[in-house]
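As a plain string of letters, each chain reads:
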Amino acid sequence: MFIKVTTSGPRRYVQLVEAYRDDNGRPKQRTVATLGRLDQLNTELESVITGLLRVTGKSAPLAAPTPSLTFESARDYGDVWALTELWNSLGFDRLRQVFRRTRHTIDIEALIRVMVLNRLCDPDSKLGVLRWVETVTFPGIMAEKIEHHQLLRAMDAMVEHQDEVDQVLAGLLRPMVDQDLAVVFYDMTTIRADGLSQQDDDVRKFGMSKEGLIARQVMLGVVQTADGLPLYHEVFDGNTAEVTTIKPIIEKIVQRFPVKRVIAVADRGLLSTDNLADLQAITLPGGGKLEFILAVPGRRYNDFVDILTPFHGATCADATEEVLGEAQWDKLRLIIAHDPQVALAAGAKRDLVIGALEQKAAQWAGKLDGQEGGARKRGRKLSDGGARARFYHEVCEAHLARIVRVDLKSELFAYSIDERALRHARLMDGKLLLVTNTADLAPDDVVKRYKSLADIERGFRVLKSEIEIGPIYHRLPERIRAHAAICFMALILYRVMRTRLHASDTALSPERALEKLRRIQHHRVTLNGTESVTGISTMNKEQTGILAALTIKKPTIETQLTLL
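Residues numbered from 1 in each chain as written. Predicted model: local features only at pLDDT ≥ 70, side-chain atom pairs only at ≥ 80, totals over all residues. Heavy atoms only, no water.

1. Quick word on the packing of helix H11 (residues 340-372) against helix H12 (residues 384-397)
In step 1: At a closest axis distance of 11 Å, the pairing of H11 and H12 adopts a crossing angle of 175°. Considered as vectors, H11 and H12 are oriented roughly antiparallel to each other. Packed against H11, whose contacting residues are Leu357, Lys360, Ala361, Trp364 and Leu368, the element H12 presents Asp384, Ala387, Arg390, Phe391, Glu394 and Val395 at the interface.
In step 2: Split into classes, the residues belonging to the contact of H11 with H12 amount to seven nonpolar, no polar and four charged. (Axes fitted to C-alpha atoms, helices over the stretch in contact; angles between N-to-C directions. Helix = DSSP H or I, 4+ residues; strand = E, 2+ residues; numbered from the N terminus. Parallel < 35°, antiparallel > 145°, perpendicular 65-115°, else oblique. Contact = heavy atoms within 4.5 Å. Nonpolar A, V, L, I, M, F, W, Y, C, P; charged D, E, K, R; others polar.)

2. Let's talk about the sheet that holds strand S3 (residues 27-37)
In step 1: Pairing is antiparallel in the open sheet, where three strands are placed in the order S1-S2-S3. Strands at the two margins of the open sheet, each flanked by one partner only, are strand S1 (2-8) and S3. Sheet twist, expressed as the average angle between the axes of neighbouring strands with direction ignored, equals 40°.
In step 2: The sheet contact formed by S1 and strand S2 (residues 11-21) spans seven bridges and is antiparallel. Looking at the pairing, Ile3 lines up with Leu16 of S2. (Pairing = 2+ DSSP bridges.)

3. Some points on unusual backbone geometry
In step 1: Pro471 follows Gly470 through a cis peptide bond whose omega is 0°.
In step 2: With respect to the element layout, Pro471 can be found in the loop between helix H15 (454-464) and helix H16 (477-503).
In step 3: Notably, Lys331 is not glycine yet its phi reads approximately 65°, a positive angle.
In step 4: Here Lys331 lies in the loop between strand S12 (323-329) and strand S13 (332-338).
In step 5: Within the chain, Asp505 stands out as a residue other than glycine whose phi angle is a positive 60°.
In step 6: Here Asp505 shows up in the loop between H16 and helix H17 (510-517).

4. Here we look at the side chain of Thr84
In step 1: The residue Thr84 is located in helix H2 (residues 78-90) in this model.
In step 2: With residues near it in sequence (within four places) discarded, Thr84 still touches Arg113, Leu117 and Pro139.

5. A short note on the pattern of salt bridges
In step 1: Under the criterion given, the structure shown has 23 salt bridges.
In step 2: Ionic pairing is found between Glu109 and Arg96, a salt bridge with its closest N-O pair at 2.8 Å. Taken together, the residues Glu109 in helix H4 (residues 108-121) and Arg96 in helix H3 (residues 95-100) connect sequence positions 13 residues apart.
In step 3: For Glu109, a relative accessible area of 0% gives the class buried.
In step 4: Judged by relative accessible area, Arg96 falls into the partly exposed class, the value being 28%.
In step 5: For Asp166, the salt bridge identified is with Arg256, shortest N-O distance 3.2 Å. With Asp166 in helix H7 (residues 162-173) and Arg256 in helix H8 (residues 246-256), this pair connects stretches of sequence that are 90 residues apart.
In step 6: Using a relative accessible area of 12% as the deciding quantity, one classes Asp166 as buried.
In step 7: A relative accessible area of 21% places Arg256 in the partly exposed class.
In step 8: Each of Asp22, Arg26 and Lys28 takes part in a single network of salt bridges with overlapping partners. (Salt bridge = Lys/Arg side-chain N within 4 Å of Asp/Glu carboxyl O. Buried < 20%, exposed > 50% of the residue type's maximum accessible area, 1.4 Å probe, protein only.)

6. Observations concerning empty space enclosed by the protein
In step 1: What the rule picks out here adds up to one cavity of 30 Å³ or more.
In step 2: By volume, the largest cavity amounts to about 30 Å³.
In step 3: Taken together, Ile191, Val218, Met219, Leu220, Val235, Ile469, Ile472 and Ala484 make up the full set of residues lining the largest cavity.
In step 4: Ranked by the residues each element gives to the lining of the largest cavity, the list is headed by strand S8 (residues 214-224), at three residues.
In step 5: Looking at the lining of the largest cavity residue by residue, the class counts come to eight nonpolar, no polar and no charged. (1 Å grid on protein atoms, 1.4 Å probe; cavity = no way out; pocket = protein on both sides within 12 Å on 5 of 7 lines; lining within 4 Å. Points joined across faces, edges and corners; volume = space filled by probe spheres on them.)

7. A closer look at the side chain of Gln371
In step 1: As for its placement among the helices and strands, Gln371 is situated in helix H11.
In step 2: A distance of 2.6 Å separates a polar atom in the side chain of Gln371 from the backbone oxygen of Leu382.
In step 3: Excluding anything up to four places from it in sequence, Gln371 contacts Lys381 and Leu382. (Polar contact = N/O pair within 3.5 Å; in protein donor to acceptor, adjacent residues only side chain to side chain.)

8. So, helix H14 (residues 443-451)
In step 1: For H14, every residue scored as buried is listed here: Val446, Val447 and Tyr450. With its buried residues spanning 95° around the axis, H14 presents them on a single face.
In step 2: Where H14 is buried, its residues touch strand S10 (262-266), strand S11 (291-295), S12, S13, strand S16 (431-436) and H15. (Arc of directions from axis to C-beta.)

9. Focus on the layout of surface pockets
In step 1: In this structure, the largest pocket spans a volume of roughly 840 Å³.
In step 2: Taken together, 27 residues form the lining of the largest pocket, with Arg350, His399, Ile403, Ala425 and Asp429 sitting closest to its centre.
In step 3: Elements represented by at least two residues in the lining of the largest pocket include exactly H11 and helix H13 (419-428).
In step 4: A total of five residues in the lining of the largest pocket trace back to one element, the largest contributor, which is H13.
In step 5: The class makeup of the residues in the lining of the largest pocket is twelve nonpolar, five polar and ten charged.

10. Section: the packing of aromatic side chains
Think of a pair of aromatic rings as described by two things: how far the centres are apart, and how the planes are tilted against each other in angle.
In step 1: Across all of its chains, the model carries eight aromatic pairs by this definition.
In step 2: On the basis of an interplanar angle of 20° and a centroid distance of 4.5 Å, the ring pair of Trp87 and Phe92 is categorised as stacked. We note that Trp87, like Phe92, is buried.
In step 3: Among the aromatic side chains, those forming a connected cluster through ring pairs are Trp364, Phe391, Phe413 and Tyr415. (Phe/Tyr/Trp six-rings, centres within 6.5 Å; stacked < 30°, edge-to-face > 60°.)

11. Here's the deal with the environment of Asp156
In step 1: Relative to the helices and strands, Asp156 is located in helix H6 (residues 148-160).
In step 2: A residue is classified by how much of its surface remains accessible, and Asp156, at 19% relative accessible area, is buried.
In step 3: Reaching out from Asp156, the side chain makes a polar contact with the side chain of Arg479 at a distance of 2.7 Å.

12. What to know about the pairing of S10
Each regular strand shows side chains that alternate between the opposite faces of the sheet.
In step 1: Counting buried positions along S10 yields five of five residues, so the element is predominantly enclosed.
In step 2: Alternating positions in S10 separate into two faces, Val262, Ala264 and Ala266 on one and Ile263 and Val265 on the other, with burial throughout.
In step 3: As defined by bridge partners, strand S6 (residues 182-192) adjoins S10 across five bridges and the pair is classed as parallel. By the bridge assignment, Ala182 is partnered in S10 with Val262.

That's the geometry; what it means functionally is another story.
Right, dumping it as structure tokens:
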């Protein structure tokens, strides 16, 4: 006999069936008993099984023992793996040779790598790095063995061997630089520094920050290629003037990279007569002169009125599309770009603000006149001095003090519109002025190369946002420089990632790509308290595509080595 499940309409039944042969010897089956509907059987069937076992004198088979499994917390792996592969493929691992010949008994290169990767994955302080490594698995490193003092020693070692470290960085960057024409973009930014202590040769100085506030800070100068590849950085005192830094920076660039031609592109803060003379005096190793493209700051546009007036009347007044022109200034080329749409928007915005200011002035003047005539109104009484101070403050806030002239010496509230200054402002609307000594670049090429300078500003935003270079909590000048160097290395990795993602038509930013790779995690399971099994979570199609775009192989489990 055997159990058989039969179907009748939508229901299924469990039956006890006997197989037999009829008188002619043919095999047949007959139902001995119907045990009930399959969906309604529960303990009744179990009691039948137990009864049959009891009658036959047999016992129920023992269930297989449940294995004892212990799961460790999953650790992030995919992002760290990708950055480590990128680190090695670009040649950062050559730093190991620099520190192998030193007195240090710890793996300095591995510690530097940990700190650099932390800036890209989960930027934190050096103590925060120790907490971060407890949540990730590093390929080839027992990162959980790292101690705080080891990180600080690694930073000190970077400064002690700065020349060798710079040679390694220059060596891995050199193949990615166009040696026939290197367009170099230079800019500076301010990094806020915390702390009140004073150190010898302290680089933390009080100066004007990029946010327009006086703060204790350091200055960071960065040089990048036209493709956004960082080439060099340097830390300056927080009160250093930008115009004094470009010459030594460019001289170091031409020494490190054997380029035949360098065009330095810099923003408006670097144009001065003395600085132009210094730039023109720089000679490249091959004997050529340094070329440059500098933007004219808005505060100096009035110096070019005599040049711009005839150009505007002949070319810009009736223009409907962007126009370019060229003139001579101080024996240099002055490239003039005019965008009529930008000019129209800027003029309309200024007229709107001036109209609003004049309306307020009229209201205050009317109130003052009414008070003199004996009119009474609710609220505090308005004085000429109070109206003058409030109006002047609003004019300054609107950056219109050159056009809306408030008479600060008059006893009565009075102002005027400087029509000459207003004409000059309208003349400058929508215009970009560039000074250059390049002889062979057409005006549109000069403008195009300058507009690429926005990319270095994006690099600064990456340093301050994704990499979080500031605020700086280190107090020793050497540690501050080491911190900047770590963030600079992180910026190189970020830029290379961005270039490869863009080249593969992947609509992902580096930070978004790392976020998705972070979901590839490392797992460890212990079976019955003895045997441990490690594994990596399954990758989806998107993660595989990101690794392919970065030209990085899929993650594998490697043996971890100690840092000592």
